[in-house]
Amino acid sequence: MYTLYGMTGSGNCYKPALLMRQLGIPYTWIEVDLLRGATHSPDFLALNPTGKVPVLQLPDGRCLSESNAMLCLLAEGTPLLPSERWARAEVMQWLFFEQYSHEPAIATVRFWVHYLGKAEAWRDRIRETRPKGYAALQRMELQLCRSDYLAGDAYSIADIALYAYTHVADQGGYRLGDFPRIEAWLRRVQRQPGYFAMADRP
Ligand SMILES: N[C@@H](CCC(=O)N[C@@H](CS)C(=O)NCC(=O)O)C(=O)O
């Protein structure tokens with residue numbers, strides 16, 4: 001049995017939980033309250049010295065950090081991570097894009113506004129970061145004019161990785177109404193078998 005350490009409401013933690021539900025992989029969820037510093041306790045640091053959730057503990061006890069690495073591990077051998085070289089590289093392209101160009105702007109602003117309540121106090125910081133988030137959304141919109149899913153015509157872990165924070169971007173003040181292709185894609189992801197909402201207990 002896998003164990004997933006995470007915080008409900010965190011997109012990074014939701015990604016492997018959603019994938020495991022969709023693949024029918026059973027797992028135990030352990031809630032970690034990072035807002036109270038639980039990711040920096042000695043017990044938690046023994047699991048992940050980086051001090052961040054999610055952490056995926058394998059049935060043999062080994063621990064993996066980094067949400068997108070978990071997606072790759074768990075999706076190996078399934079249609080959600082193609083084995084053909086180019087198709088696989090396209091999926092990877094979106095996973096790296098998510099971590100470098102999307103999450104640092106979209107998830108970070110959501111955290112500041114929604115969890116820390118700093119919309120006013122950190123207005124300048126937010127104003128500086130927001131255009132990077134919109135540029136990431138624009139890039140996704142362009143791709144979704146070309147294909148139904150991010151890495152082509154089939155649902156993959158690229159969609160799970162980008163769905164996690166895109167569908168709650170409005171909580172950070174992003175206007176998704178300007179991105180009709182993204183909105184239609186969000187609905188397609190929500191219709192996938194095994195889908196569950198992030199707010200529900202993983
Ligand atoms: N690149 C990592 C990011 C993990 C991350 O930033 N986790 C946040 C919650 S979403 C965290 O644990 N923060 C606690 C801290 O930084 O103290 C991933 O994709 O898993």
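The preceding data block contains the structure.
The structure contained in this document is the topic of the report that follows. Worth saying up front: this structure is predicted, and the values here are computed from it rather than measured.

Cut-offs applied
- Residues numbered from 1 in each chain as written.
- Predicted model: local features only at pLDDT ≥ 70, side-chain atom pairs only at ≥ 80, totals over all residues.
- Heavy atoms only, no water.
- Pairing = 2+ DSSP bridges.
- Helix = DSSP H or I, 4+ residues; strand = E, 2+ residues; numbered from the N terminus.
- Axes fitted to C-alpha atoms, helices over the stretch in contact; angles between N-to-C directions.
- Expected span 1.5 Å × (residues − 1).
- Bend = angle between axes of the 7 residues up to and from the residue.
- Buried < 20%, exposed > 50% of the residue type's maximum accessible area, 1.4 Å probe, protein only.
- Contact = heavy atoms within 4.5 Å.
- Polar contact = N/O pair within 3.5 Å; in protein donor to acceptor, adjacent residues only side chain to side chain.
- Salt bridge = Lys/Arg side-chain N within 4 Å of Asp/Glu carboxyl O.
- Phe/Tyr/Trp six-rings, centres within 6.5 Å; stacked < 30°, edge-to-face > 60°.

Our next topic: the sheet that holds strand E1 (residues 2-6). What holds strands together in a sheet is hydrogen bonding between their backbones, with the strands either parallel or antiparallel. Strand order in this open sheet of four strands is E2-E1-E3-E4, and the pairing throughout is mixed. If you trace the sheet from one side to the other, it starts and ends with strand E2 (27-31) and strand E4 (63-65), each paired once. The mean angle between the axes of side-by-side strands here comes to 20°, regardless of whether they run parallel or antiparallel. Looking at chain direction, E1 and E2 are connected through five bridges and run parallel. From the neighbouring strand, Thr3 faces E2, where its bridge partner is Thr28.

Turning our eyes to something else, we now look at helix H5 (residues 123-146). Side chains three or four residues apart in an α-helix point the same way, a direct result of the helix having 3.6 residues per turn. Spanning 24 residues, H5 covers 35 Å between terminal C-alpha atoms, matching the ideal 34 Å at 1.5 Å per step. At Thr129, H5 shows its maximal bend, which comes to roughly 30°, and the proline Pro131 appears one to four places after that position. Within H5, burial applies to Ile126, Thr129, Gly133, Tyr134, Ala136, Leu137, Met140, Glu141, Gln143 and Leu144. Buried residues belonging to H5 abut helix H4 (85-115), helix H6 (157-166) and helix H7 (180-190).

Turning next to helix H1 (residues 11-23). Here H1 is 13 residues long and its end C-alpha atoms lie 18 Å apart, about the 18 Å a rise of 1.5 Å per residue gives. Of all 13 residues making up H1, eleven are buried, and the element is well covered by its neighbours. Listed in full, the buried residues belonging to H1 are Gly11, Asn12, Cys13, Tyr14, Lys15, Pro16, Ala17, Leu18, Leu19, Met20 and Gln22. One side-chain oxygen of the residue at the start of H1 lies 3.4 Å from the amide nitrogen of Asn12, identifying that residue as Ser10. Of the residues trailing H1, Gly24 is marked for its positive phi of about 70°.

Turning our attention to the pattern of salt bridges. Enumeration over the complete set of coordinates arrives at seven salt bridges. The salt bridge partner of Asp33 is Arg36, with a shortest N-O separation of 3.1 Å. Since its relative accessible area comes to 33%, Asp33 is described here as partly exposed.

A few words now on the packing of aromatic side chains. Describing an aromatic ring pair means giving the distance of the ring centres and the angle of the ring planes. Inspection of every chain in the model, using the stated rule, returns ten aromatic pairs. Where Trp112 meets Trp122, the ring centres are 5.8 Å apart and the plane angle is 85°; that geometry is what we call edge-to-face. In this pair, Trp112 is assigned in helix H4 and Trp122 in the loop between H4 and H5, connecting sequence segments ten residues apart. On the numbers, 5.9 Å between centres and 70° between planes, the contact of Tyr149 with Tyr155 is edge-to-face. With respect to burial, Tyr149 and Tyr155 carry one shared label: buried.

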